[in-house]
Amino acid sequence: MVQLVGSLRKELADSLNTCKVLVVGAGGIGCELLKNLVLTGFKNIEVIDLDTIDVSNLNRQFLFQKKHVGKSKAQVAKESVLQFCPSANITAYHDSIMNPDYNVEFFRKFMLVMNALDNRAARNHVNRMCLAADIPLIESGTAGYLGQVTVIKKGLTECYECQPKPAQKTFPGCTIRNTPSEPIHCIVWAKYLFNQLFGEEDADQEVSPDTADPEAAWNPEEAAARASASEKDGDIKRVSTKVWARSSGYDPIKLFNKFFKDDIMYLLTMDKLWKKRKAPTPLDWKQLENKAAPPEQSPAAGLKDQQVLGLWSCCQLFKHSVETLSSELQEKGDKAELVWDKDDPAAMDFSRFDVKSMAGNIIPAIATTNAVIAGLIVLEGLKILSGELESCRTIFLNKCPNVRKKLLVPCVLDPPSKNCYVCVSKPEVTVKLNVHKTTVLSLQDRILKERFGMVAPDVQIEDGKGTILISSEEGETEANNNKYLSDFGIRNGSRLQSDDFLQDYTLLINVLHTEELERDVEFEVVGEAPDKAPPPPSNQEETNSITNGNKDSAQPSTSSKAPSDDDDLMIVDSDEEEGAPSSSATVTSATKRKHSDLESGESSTKRPRTDQPAASGDEDDDIIALD
């Protein structure tokens, strides 16, 4: 006869008492998950999160209260959860999981790792650490009403990086500074301007016209003369933006005229830019003020964020936000800096008229979704601890029930991809780049760290000499940073071995030299690469990723293979990749259509359902497919 402890078999209940689990992230999902774990009977839990509590977290992260704002999420979550179960042994780390202190040996002390993260870099890192330690990982994510949970086990299932994921969008500096054409360009420009005026200045985030734009073929002497009139307005000298702003006392009208009149007039002198584009229109504060209609006496209907702002209203909002931010900066002292925060009203007002135009692309984090996903994580964890890994599933949470009245759709776990550059026995990739233009620093930061998710890479050239190109030891190869790959004899067909000892990960890189890369493209990964995922068919919109409230993060991997050609998939449409920046996932529509296979472009279908057999000719079995 089976002995029960509560609702669990005695053997499983005993296992919960002794096993040690790691929870990575103490935010929306993490709070629900920690509560679920202690109430289920888990006694030994370690939780890590680098973030601190913000007022905006309080509506869904119920372990936190107003008095906790500014404190460590991990530490406060621990204290709150202990009120549910004082006998639990919980250790909290206010730190980044990517800190070298949390090495493979650290991961090996756990029987199970549960991710509740909101960014791709950390997800990639935890995935690799669990593979290296051979520890089961439960990955999860939410976006609005949508959610997903999957299990990753070395050698048995796909890892987090087995399937291609869209890269975070970046934009050329000359596009942001000279020819913005989309709302997202304006938002990036506004965030750059915030830092130039009030935050930490970055030379790569300049907002003034880019005279080095290769598209602008013009005569600098002639342009300087033509722009001289605008240079006199406000006595503008082209010095550091922050220095000039301070010297003007952060006068909002001078700032407005500089950025929206003088700089625009300067841009208009770059004749070639406007041959195929609509030229921008300079704005003058006094002229706009004179033309402004008298203010309406009746209050505007709706909430603040629902009101449609006219041009003069935007100007006044800009003026108000500059005055507020400059006052905050002055209160902090001479050398103080402000940090842009989406939850700071003044910072948002600084670019609100741009952000409002993107409002349709924002999906809020929903507490109920987080609660459902956290419950599913624990259920999958119980299966693993019961030795029933084969019964684990990838589970999708839909926004609307399918015809079988089901919101939750389980799918069998896929085996590891043979093309994965992370979990195969000997990871190898081919990178197409120009060896005469790619620097060692670019190889390290843009390719190895940003693209392939390494934390502290060591790179050796396979030239028969074992030449060390990059060392993770500080200062050891710093002199190589600004040299080109060709300076070290690297050419077409060269092979580089990159080791990340923290992740216990080795990647062999085949160099494919080319001089035919597209403009602003530094490199390409040949084959099925996350940053070069094949485009969808022309009759489909881009698909969206499920993240924990952050579009810049990618979702757990999903299948591209299945048994029946008759089942439709629900594609979550999006107008970009990711997050993010930063930002939120988007669901613009959800329609039934065939899912296109990422590799072949042919129609493929979903994995078999596990709740009931697929009926022949049944086209109403919907799941969410995430690319």
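About the cut-offs
Residues numbered from 1 in each chain as written. Predicted model: local features only at pLDDT ≥ 70, side-chain atom pairs only at ≥ 80, totals over all residues. Heavy atoms only, no water. Helix = DSSP H or I, 4+ residues; strand = E, 2+ residues; numbered from the N terminus. Expected span 1.5 Å × (residues − 1). Bend = angle between axes of the 7 residues up to and from the residue. Polar contact = N/O pair within 3.5 Å; in protein donor to acceptor, adjacent residues only side chain to side chain. Core = buried A, V, L, I, M, F, W, Y, C linked by side-chain atoms within 4.5 Å. Buried < 20%, exposed > 50% of the residue type's maximum accessible area, 1.4 Å probe, protein only. Domains from an automatic or database assignment. Contact = heavy atoms within 4.5 Å. Pairing = 2+ DSSP bridges. Salt bridge = Lys/Arg side-chain N within 4 Å of Asp/Glu carboxyl O. Disulfide = S-S within 2.5 Å. Axes fitted to C-alpha atoms, helices over the stretch in contact; angles between N-to-C directions. Parallel < 35°, antiparallel > 145°, perpendicular 65-115°, else oblique. Left-handed = near helix turned anticlockwise from the far one by under 90°. Phe/Tyr/Trp six-rings, centres within 6.5 Å; stacked < 30°, edge-to-face > 60°. Right-handed = clockwise from strand over helix to strand, strands pointing away. Nonpolar A, V, L, I, M, F, W, Y, C, P; charged D, E, K, R; others polar. Patch = residues over 30% accessible without salt bridge, like charges linked within 9 Å, V, L, I, M, F, W, Y side chains within 5 Å. Areas by Shrake-Rupley, 256 points an atom, 1.4 Å probe, with all protein chains shown as cover. Lys, Arg positive; Asp, Glu negative; His and termini not counted. Charge placed at Lys NZ, Arg CZ, Asp CG, Glu CD.

Caption draft 1: Molecular detail of helix H11 (residues 252-268). In this model, H11 (17 residues) spans 23 Å end to end at C-alpha, consistent with the 24 Å of a helix rising 1.5 Å per residue. The largest bend in H11 amounts to roughly 35 degrees and is located at Lys258. For H11, the N-terminal capping position is held by Asp251, with its side-chain oxygen 2.9 Å away from the main-chain nitrogen of Ile253.

Caption draft 2: Structural context of the nonpolar core. In terms of nonpolar packing, the biggest core is built from 52 residues, with Leu22, Ile97, Phe107, Val113, Val126 and Leu469 touching the most fellow members. Both domain 1 (10-167 + 364-412) and domain 3 (428-526) contribute no fewer than three residues apiece to this core. Filtering out sequence-adjacent residues up to four positions away, Leu22 remains in contact with Glu46, Ile48, Ile97, Phe106, Phe107, Phe110, Leu112, Val113 and Met114.

Caption draft 3: Quick peek at the environment of Lys20. Tracing the backbone through its elements, the reader meets Lys20 in strand E3 (residues 20-24). Note on Lys20: relative accessible area 29%, which makes it partly exposed. For the pair formed by Lys20 and Ile45, sequence separation is 25 residues and the distance between their alpha carbons is 5.9 Å.

Caption draft 4: Quick peek at the pairing of strand E15 (residues 505-513). As paired strands, strand E11 (residues 428-433) and E15 are joined by six bridges and run parallel to one another. In the sheet register, Val429 faces E15, and the bridge partner there is Ile509. Relative to E15, strand E14 (residues 495-500) runs antiparallel, the two being bridged by six bridges. The partner of Ser498 across the bridge, within E15, is Leu507. Connecting the antiparallel pair E14 and E15 is a turn made up of four residues, with Asp504 showing a positive phi of about 55 degrees.

Caption draft 5: Just the pattern of salt bridges, in detail. If you walk through the whole model with that rule in mind, you get 18 salt bridges. Asp14 is the partner of Lys10 in a salt bridge, and the nearest nitrogen-oxygen pair spans 3.0 Å. Taken together, the residues Lys10 and Asp14, both in helix H1 (residues 10-18) and four residues apart, mark about one turn of the helix. Lys10 gets classed as partly exposed once you look at its relative accessible area, which sits at 33%. By relative accessible area, which is 34% here, Asp14 ends up partly exposed. One salt bridge in this structure joins Glu428 and Arg495, with 3.5 Å as the shortest N-O distance. Taken as a pair, Glu428 in strand E11 and Arg495 in strand E14 lie far apart in primary sequence, 67 residues in all. On the basis of relative accessible area, Glu428 is assigned to the partly exposed category, the value being 41%. With relative accessibility at 32%, the residue Arg495 sits in the partly exposed group. Overlapping salt bridges, with partners in common, bring together Lys20, Glu46 and Lys109 in one network.

Caption draft 6: Region of interest: the state of the cysteines. Applying the stated criterion across every chain, the model contains zero disulfides. A disulfide-free cysteine, Cys159 has its sulfur positioned 3.6 Å from the sulfur of Cys420, the nearest such atom. A relative accessible area of 1% means that Cys159 is categorised as buried.

Caption draft 7: Local environment of the packing of helix H7 (residues 183-197) against H11. For the pair H7 and H11, interaxial distance at closest approach is 14 Å and the crossing angle is 135 degrees. Considering their axes alone, H7 and H11 lie oblique with respect to each other. Between H7 and H11 lies a crossing of right-handed hand. Seen from H7, the contacting residues are Trp189, Leu193 and Leu197; seen from H11, they are Leu255, Phe259 and Phe260.

Caption draft 8: Inspection of the packing of aromatic side chains at higher detail. Scanning the model with the defined rule gives 15 aromatic pairs in all. Between Phe106 and Phe110, the ring centres sit 5.2 Å apart and the planes meet at 75 degrees, which makes this aromatic pair edge-to-face. We classify Phe106 as buried; its relative accessible area is 10%. Exposure remark for Phe110: the relative accessible area of 2% places this residue in the buried category. An aromatic cluster is present here, built from Trp189, Phe256, Phe259, Phe260, Trp285, Trp312 and Phe318 joined pairwise through their rings.

Caption draft 9: Representation of the pairing of strand E7 (residues 137-143) within the structure. Of all seven residues making up E7, seven are buried, and the element is well covered by its neighbours. Of the two faces of E7, the one holding Leu137, Glu139, Gly141 and Ala143 and the one holding Ile138, Ser140 and Thr142 are both buried throughout. For the handedness criterion, the β-α-β arrangement of strand E6 (residues 112-115), helix H5 (residues 120-133) and E7 is classed as right-handed. In this sheet, strand E8 (residues 146-152) lies alongside E7 in antiparallel orientation, the contact comprising seven bridges. Looking at the pairing, Gly141 lines up with Gln148 of E8.

Caption draft 10: Geometry of the sheet that holds E7. As summarised here, the arrangement of the eight strands in space is E5-E4-E3-E6-E7-E8-E9-E10, forming an open sheet in which the pairing is mixed. Unpaired on one side and paired on the other, strand E5 (89-93) and strand E10 (408-412) mark the two borders of the sheet. Taking the axes of each pair of neighbouring strands and ignoring which way they run, one obtains an average angle of 15 degrees across the sheet.

Caption draft 11: Representation of the sheet that holds strand E16 (residues 523-525) within the structure. Read from one edge of the open sheet, six strands run E13-E12-E14-E15-E11-E16, paired in mixed fashion. Each edge of the open sheet is held by one strand with a lone partner, namely strand E13 (467-470) and E16. Between one strand axis and the next, the sheet turns through 30 degrees on average, direction left out of account. Its contacts with the sheet put helix H17 (residues 440-451) on E11, strand E12 (458-461), E13, E14, E15 and E16, and the angle it makes with E13 is roughly 70 degrees.

Caption draft 12: Examining the packing of H11 against helix H13 (residues 311-332) more closely. For the pair H11 and H13, interaxial distance at closest approach is 9 Å and the crossing angle is 125 degrees. In terms of orientation, H11 and H13 fall into the oblique class. As for the relative orientation of H11 and H13, their crossing is right-handed in sense. Contact residues: Pro252, Leu255, Phe256 and Phe260 in H11; Cys315, Phe318, Lys319, Val322 and Glu323 in H13. Residue classes in the contact of H11 with H13 are distributed as seven nonpolar, no polar and two charged.

Caption draft 13: Quick look at unusual backbone geometry. Phi is positive for Asp134, which is not a glycine, with a value near 60 degrees. Positionally, Asp134 belongs in the loop between H5 and E7. The phi angle at Tyr250 is positive, at roughly 50 degrees, despite the residue not being glycine. Secondary-structure assignment places Tyr250 in the loop between helix H10 (241-247) and H11.

Caption draft 14: Structural detail: a negative patch on the surface. Taken together, the side chains of Glu200, Glu201, Asp202 and Glu337 define an acidic patch exposed on the protein surface. Locating Glu200 in the fold gives a position in the loop between H7 and helix H8 (220-226). Among the residues examined, Glu200 registers a relative accessible area of 55% and is labelled exposed.

Shape descriptors only; they carry no functional weight alone.
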